[in-house]
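# Notes for the structure review
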There are 2 protein chains.
Amino acid sequence: LEKFLIEEQKNLSKVNSWSRFITTNFFDFLKNGKMIRGSLVLQSFLFFEDNISEEAIKLASAIELIHSSLLIHDDIMDKDSFRRGQKTIAQQFREIAQEEKFQNSEHFGNSMGISVGDLGFFLGFELLSQISKKYFNEISFLVSQELSKVTLAQMDDVYGGFSCHEYSKEKILSIYRYKTGRYSLSLPFMLGAILAGQSPKTITILENIGENMGVLFQIKDDKINLFGESEETGKPVGSDIRENKKTLYRHFLYEASSKKQKKELNIIFGNKDINISQVENVRTLVKELKVLEKIEKISDQLTILVKNKIEELNFTENKSQVLLDFLEYNLRRNK
Amino acid sequence: LEKFLIEEQKNLSKVNSWSRFITTNFFDFLKNGKMIRGSLVLQSFLFFEDNISEEAIKLASAIELIHSSLLIHDDIMDKDSFRRGQKTIAQQFREIAQEEKFQNSEHFGNSMGISVGDLGFFLGFELLSQISKKYFNEISFLVSQELSKVTLAQMDDVYGGFSCHEYSKEKILSIYRYKTGRYSLSLPFMLGAILAGQSPKTITILENIGENMGVLFQIKDDKINLFGESEETGKPVGSDIRENKKTLYRHFLYEASSKKQKKELNIIFGNKDINISQVENVRTLVKELKVLEKIEKISDQLTILVKNKIEELNFTENKSQVLLDFLEYNLRRNK
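The residue count restarts for each chain, going from 1 along the sequence in the order it is written. Labels are handed out in written order, letters beginning with A for the chains and numbers beginning with 1 for the ligands. Confidence filtering applies because this is a predicted model: local features only for residues at pLDDT of at least 70, side-chain atom pairs given and counted only at 80 or more, and all residues used for totals across whole chains, interfaces and linings. Excluding hydrogens and water, the side-chain figures rest on all heavy atoms present in the structure.

Before going further, it helps to examine the overall build of chain A. Put simply, DSSP H or I for four residues or longer makes a helix, DSSP E for two residues or longer makes a strand, and each gets a number counted from the N terminus. Helix and strand content of chain A: 16 helices and 2 strands. With the C-alpha coordinates aligned to their principal axes, the bounding extent of chain A is approximately 60 × 60 × 30 Å. For every residue, the accessible area (1.4 Å probe, protein chains only) is compared with the maximum for its type, and the residue is labelled buried under 20%, exposed over 50%, or partly exposed between those bounds. Burial analysis of chain A (335 residues in total) assigns 61% to the buried set. The long-range share in chain A, meaning contacts at least 24 apart out of those at least 6 apart in sequence, stands at 73%. As presented, chain A carries roughly 13,800 Å² of accessible surface, and 50% of it is formed by carbon and sulfur atoms. Working convention for charge: Lys and Arg count positive, Asp and Glu count negative, and His plus the chain ends are omitted. By convention, the point assigned to a charge is CZ for Arg, NZ for Lys, CD for Glu and CG for Asp. Averaged over its 46 positive side-chain charges, chain A has a centre that lies 3 Å from the centre of its 47 negative ones. Working rule for contacts: check all heavy atoms of both residues, and any pair within 4.5 Å makes them a contact. Each accessible area is a Shrake-Rupley estimate made with a 1.4 Å probe; only the visible protein chains count as cover when residues are assessed.

Along the chain, His107 of chain A turns up in helix H6 (residues 105-128). Separated by 33 residues in the primary sequence, His107 of chain A and Ser140 of chain A place their C-alpha atoms 33 Å from one another. Sequence-distant contacts of His107 of chain A, defined by excluding residues within four places in its chain, comprise Ile76, Met77, Lys79 and Phe162 of chain B.

A few words on the environment of Glu312 of chain A. Examined against the element boundaries, Glu312 of chain A turns out to sit in helix H15 (residues 291-312). Separated by 106 residues in sequence, Glu312 of chain A and Leu206 of chain A have C-alpha atoms that sit 9.8 Å apart.

Here we take up helix H2 (residues 20-31) of chain A. Residues and elements named next belong to chain A. Expected span, for any helix, means 1.5 Å times one less than how many residues it has. Taking 1.5 Å of rise per residue, 12 residues should cover 16 Å, and H2 covers 16 Å from first to last C-alpha, within 8% of that figure. Every buried residue belonging to H2 is among Phe21, Ile22, Phe26, Phe27, Phe29 and Leu30, and all of these are buried. Considered in projection along H2, the buried side chains sweep an arc of 155 degrees and stay on one side of the axis. Looking at the packing, one finds that the buried side of H2 touches helix H1 (2-12), helix H4 (54-78), strand S1 (82-83), strand S2 (86-87), helix H5 (89-99) and H6. What the arc covers is the set of directions going from the helix axis to the C-beta atoms.

Quick look at the packing of helix H4 (residues 54-78) of chain B against helix H8 (residues 169-195) of chain B now. Helix-helix packing: each pair is described by the crossing angle between the helix axes and the interaxial distance. Residues and elements named next belong to chain B. Between N-to-C directions, angles span 0 to 180 degrees; the directions come from axes that are lines fitted to C-alpha atoms, helices contributing only their stretch in contact. In the contact formed by H4 and H8, the axes pass within 10 Å of each other and the chain directions differ by 165 degrees. As judged from the angle between their axes, H4 and H8 are roughly antiparallel. The way H4 lies across H8 gives a crossing that is right-handed. Residues Glu55, Ala56, Leu59, Ile63, His67, Leu70 and Asp74 of H4 form the contact with H8, whose participating residues are Lys179, Tyr183, Leu191 and Leu195. Here the contact of H4 with H8 is built from residues that sort into 7 nonpolar, 1 polar and 3 charged. Orientation categories follow fixed angle ranges, with anything under 35 degrees roughly parallel, anything over 145 roughly antiparallel, 65 to 115 roughly perpendicular, and all other angles oblique. When the near helix sits turned anticlockwise from the far one by under a right angle, the crossing is termed left-handed; a clockwise turn instead gives a right-handed crossing. When residues are sorted by character, Ala, Val, Leu, Ile, Met, Phe, Trp, Tyr, Cys and Pro go into the nonpolar class, Asp, Glu, Lys and Arg into the charged class, and all the rest, Gly among them, into the polar class.

Least-squares superposition of the copies uses the C-alpha atoms of those residues scoring a pLDDT of at least 70 in each of them. Relative to chain A, chain B is turned by 180 degrees and slid 0.0 Å along the rotation axis, the superposed coordinates differing by an RMSD of 0.0 Å. Here the transformation between the copies is reduced to the relation of a two-fold axis. Residue Lys133 of chain B, judged by its C-alpha, is the member of chain B lying nearest the rotation axis, at 2.9 Å. Here 98% of the contact residues of chain B are again contact residues in chain A; the copies associate through an equivalent surface.

The interface is formed by 60 residues belonging to chain B together with 60 residues belonging to chain A. Accessible area that two parts lose when put together, with a 1.4 Å probe and added across both, is what the buried area reports. Both faces combined, the contact of chain B with chain A buries some 6,000 Å², and carbon together with sulfur accounts for 66% of it. Among the residues chain B hides against chain A, the three largest losses belong to Phe122, Met155 and Phe162 of chain B. Together they make up 13% of the total. Whenever Lys or Arg places a side-chain nitrogen within 4 Å of a carboxyl oxygen from Asp or Glu, that contact is recorded as a salt bridge. Put simply, chain B and chain A have 0 salt bridges between them. Two N or O atoms count as a polar contact when they lie within 3.5 Å, although within protein this holds only if one can serve as hydrogen donor and the other as acceptor, and sequence-adjacent residues are included solely when both atoms are side-chain atoms. Our enumeration of links across chain B and chain A arrives at 23 residue pairs in polar contact (both at pLDDT 80 or more). Elements with a contribution of two residues or more to the side of chain B that touches chain A: helix H1 (2-12), H4, helix H6 (105-128), helix H7 (133-162) and H8 of chain B. At 20 residues, H7 of chain B tops the list of elements feeding residues into the side of chain B that touches chain A. The class makeup of the residues in the side of chain B that touches chain A is 28 nonpolar, 21 polar and 11 charged.

Moving on, we get to the packing of helix H8 (residues 169-195) of chain A against helix H9 (residues 200-227) of chain A. Residue and element names in this part refer to chain A. Between H8 and H9, the least distance of the axes is 6 Å, while the angle of their chain directions is 135 degrees. Considering their axes alone, H8 and H9 lie oblique with respect to each other. By crossing handedness, the relation of H8 to H9 is classed as right-handed. Here the contact of H8 with H9 is composed, by residue class, of 14 nonpolar, 7 polar and 5 charged.

As a further point, take H1 of chain B. Listed in full, the buried residues belonging to H1 of chain B are Phe4, Leu5, Glu8, Gln9 and Leu12 of chain B. For H1 of chain B, the buried positions fall inside an angular range of 135 degrees around the axis, keeping them on one side. Opposite its buried face, H1 of chain B presents the exposed residues Lys3 and Lys10 of chain B, each directed more than 90 degrees away. The inward-facing, buried residues of H1 of chain B abut helix H7 (133-162) of chain A together with helix H2 (20-31), H4 and H6 of chain B.

This is how it looks when you write it as structure tokens:
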């Protein structure tokens, strides 16, 4: 990934000096990610091949590039200033604007952030076009289509953050399925398998494992957002609450709360200026109203589904264990 | 294009109901464009083939899809509410937000606009992935790389709109070359020729013609933005002035104006609330200070360059005439 970006920076430097941004701030942002999606592409490839190929690395890198670019746009929509323990791209430009005393630093930061995100998509698709002819059409089609789906899910998510309409449990789970499941897990699993020349049947099982595992990951992300501390997560405390994200926690919390409690919650959720004690109140209520238990029940059901599908793959014990370990990792992780 | 979008809408409707947007508002926005880039892909293809193929139409449609998506992001950066004689996508969402009494309709509109733009990119790359294996890698590489370049040029453009630094004539022409020339003309010309199996030599000549023609088109666009009326252009009058766009007109205007005139211009350029009489003042000054003549001189030089390169193509007279007519069209057009 670094090699590709350095090459690109050289190549694009004839356009203008913003190209330096590719190997500095943009790369810094990229490399501080968990790189789960890229790793999963490689891991999936390794389920079927003995060694990682150069092509698999290109594919994994392209996925990371595109993913980071989606996050850059996501942070603009969520008005987040921190991500991956550092300033978001838009925020970095807001500060440039402040230094240079531009009239509207917020808008400048967002505009440049939109552009950097777009740039990342195009760099990602360029890297993707280095995949050999045999697999390129199929891979490019799949990547684009899943990205379309995740963008539609993102629109729902943005709308949900503004709207007072409540989403049903099913609706929330559907967003999780498309936004995290298919995109973050099914897609990398499928890509690795396609590049390893696997059958449609195997690819479909991996797709299904990814979807359900993804919902489990999103549920854990929500929990970390709610209970995690800023130093560990690299994100401001309670950002989902401030943004009024329609999470499963929020859903069960509202469902179980009294009229009086709902009134209190309405003051907190969607409020940009909440303090830590208000986040603490939400945390307490989540525990008191047994929201954690309800969500754990859903998680347990999904875990069983995933385990059954892993068996269907007929992998060797070692390889199945990799997938089971990944499930286990999600239960343990705090960021 | 319409057929593809209807198919996609069906396919994506299982994600959520935002997919309906693809065949309604998004398609309305698409079809109201001039579709110059898509037409140029087809025209270039027809320089070498007798009939337009289904594949050429897919390629042309993909380019239009991606282009419209860039414009959707562009309009957010420029805070434009109108484009192609209708409300911009972000503006449509701002009004939805107002109807639904969301807290921050501006931010909601921008967020949804960012997503719709992203969606359009991905739909475009999906359509592109239907190109046959023989040409797909090369085409996908070229499209992505030119889009990276245009995005870097866009960053310069945004920065220029905020910054008080003046850009040199060369810098402005370089932005024109990358933002309009390479992207809007070289790229479609090259794509049509690649799909028609042409030699690198021919493709390079078309690339060069596109670059210089593109600068001519941008200069004309600037003129229309400055002198055109809203009903005709579909854009608010003087939007480049309000956004303090570093155009060639602005450059020569500042260069030729007295200290007193510069002071007046500083009040007008970059001012979001200018009225029609202030735009009129700029127009008068542009004429008085012979800015038009200076720019015409540059245009004339570029026209000669382009005509020489057209000869190098060794086309039949009919085919050369198509390119010459296109040059001519640019001189005449008022929108």
